[in-house]
Amino acid sequence: PWHNPMRLGWNNCWAFGNGVESDRIRDDYNAARLDNGVKASTTLAEPYSEEVRSSGMIFSGIFNSTSGVNDLNQFIQAEAITKDLNPSYGPIQKLLARNTDTLVFCEDKILRVLTNKDALFNADGNSNVTATSKVLGAATPIAGDFGISKNPESLVTSNFGVYWVDQMRGQVLKMTGGNITPISEEGMKDWFSDNLVDASDVLGTWDSNKDEYNVTIGKKVSRAQLKSNKTTLSYSERAQGWTSFKSFPFIEWGTSLNGEYYTFY
């Protein structure tokens, strides 16, 4: 009941079991005293709220199994652990780490972010790469008005390059080195521009046995139905063009393992 007094347990000293008590840590001379400490007596000017940072990256501490360091759960705000991109490029959809840089696939742009390096720009606009302690260095947009739209599941990597689908622009793209090439224009430009506009989902898989990039495009039969009608077609690196429509259109994922291509439904 509200009228009954309640006793709260709290200690202001340590007892060592022999009758000696101390109010200092380890009973050291001039050490910190045991106290309640500072307590906040006011509220924040702005309440806590969720913030969605769709155009920025944040990274944790390092992981090193050799030395036994695992700081993957540490996000120290006092350190420079964020990297913000131009929000006009759209939200980040996919990150692809490479040996010397990281590819950032935004909705309307593809960027190259230096890893453990940074760029020093000269007066004439040219840049020199230098070593630095930064985790993520300068972010440079790759030439071309291309993005990945909202289909990060269409991105695959192979020995020939990186492939993905830009649904908003009706194109299938390939990047080799630092150049982006629209491979959908290899005899299939009109077909992709017509079929990618109202696609409900786009999936990209790689067949390492035949060196083919398989694109699966799904379309809803009607707005009231959730089931989609899917079509799969292949771009061959050997033929440098689109070779065939597949007989297994209804797949949900595909991957290559030990020279064999597997599809899943």
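Presented here is a report on the structure given in the accompanying data block.

Here is what the cut-offs are and how they apply
Residues numbered from 1 in each chain as written. Predicted model: local features only at pLDDT ≥ 70, side-chain atom pairs only at ≥ 80, totals over all residues. Heavy atoms only, no water. Helix = DSSP H or I, 4+ residues; strand = E, 2+ residues; numbered from the N terminus. Buried < 20%, exposed > 50% of the residue type's maximum accessible area, 1.4 Å probe, protein only. Contact = heavy atoms within 4.5 Å. Areas by Shrake-Rupley, 256 points an atom, 1.4 Å probe, with all protein chains shown as cover. Polar contact = N/O pair within 3.5 Å; in protein donor to acceptor, adjacent residues only side chain to side chain. Pairing = 2+ DSSP bridges. Core = buried A, V, L, I, M, F, W, Y, C linked by side-chain atoms within 4.5 Å. Phe/Tyr/Trp six-rings, centres within 6.5 Å; stacked < 30°, edge-to-face > 60°. Axes fitted to C-alpha atoms, helices over the stretch in contact; angles between N-to-C directions.

Within the chain one finds 1 helix and 20 strands. Burial statistics for the chain: of 265 residues in total, 34% are counted as buried. Excluding contacts between residues fewer than 6 apart, the proportion of contacts in the chain whose partners are at least 24 apart in sequence is 41%. Summed over its atoms, the accessible surface of the chain is roughly 17800 Å², and 50% of this surface lies on carbon and sulfur atoms.

Its location among the elements puts Asn195 in helix α1 (residues 189-195). On the basis of relative accessibility, which here comes to 18%, the residue Asn195 falls in the buried class. A distance of 2.6 Å separates a polar side-chain atom of Asn195 from the backbone oxygen of Trp191. Polar side-chain contacts of Asn195 include one of 3.0 Å to the side chain of Lys219. Once you skip the residues sitting within four places of it in the chain, Asn195 turns out to touch Ile217 and Lys219.

Further remarks concern unusual backbone geometry. A positive phi is found at Gln240, a non-glycine position, where the angle reads about 55°. With respect to the helices and strands, Gln240 occurs in the loop between β17 (228-236) and β18 (241-245). A relative accessible area of 43% places Gln240 in the partly exposed class.

Of the pairings in the sheet, the one linking strand β7 (residues 92-97) to strand β8 (residues 101-106) comprises 5 bridges and is antiparallel in character. Paired with Leu96 across the bridge in β8 is Leu103. Here β7 folds back onto β8 in antiparallel fashion, the turn holding 3 residues.

In terms of nonpolar packing, the biggest core is built from 17 residues, with Tyr163, Val165, Val172, Phe192, Tyr213, Val215 and Trp242 touching the most fellow members. For this core, the elements supplying multiple residues, two or more each, are β12 (161-166), β15 (201-207), β16 (212-220) and β17. Not counting residues up to four positions away in its chain, the partners in contact with Phe192 are Gly170, Val172, Ser184, Ile217, Leu233 and Trp242. Membership of the second largest hydrophobic core comes to 13 residues, among which are Phe105, Ile148, Trp164 and Met175.

Turning to the packing of aromatic side chains, a few remarks are in order. Within this structure, the stated rule accounts for 8 aromatic pairs. Residues Phe160 and Trp206 carry aromatic rings whose centres are separated by 6.0 Å and whose planes lie at 50° to one another, so their mutual orientation is tilted. Of this pair, Phe160 sits in the loop between β11 (156-158) and β12 while Trp206 sits in strand β15, and the two are 46 residues apart along the sequence. Overall, Phe160 belongs to the partly exposed group, its relative accessible area being 34%.

Take Ser149: it is sitting in the loop between β10 (127-141) and β11. Linking Ser149 and Phe105, residues 44 residues apart in sequence, is a C-alpha distance of 8.8 Å. What Ser149 contacts, discounting residues up to four positions off in sequence, is Gln93, Cys106, Glu107, Asp166, Gln167, Met168 and Arg169. Only 2.9 Å separates the side chain of Ser149 from the backbone nitrogen of Met168, close enough to count as a polar contact.

The next thing to look at is the sheet that holds strand β13 (residues 171-176). Spatially, β11-β12-β13-β14 is the arrangement adopted by the 4 strands of the open sheet, whose pairing is antiparallel. The sheet is open, and its two edges are formed by β11 and β14 (179-182), each paired on a single side. On average, each strand axis in the sheet is tilted by 25° relative to the strand beside it, whichever way the strands run. Strand direction decides the pairing type here: β12 and β13, joined by 5 bridges, are antiparallel. What sits directly across from Trp164, in β13, is Leu173.

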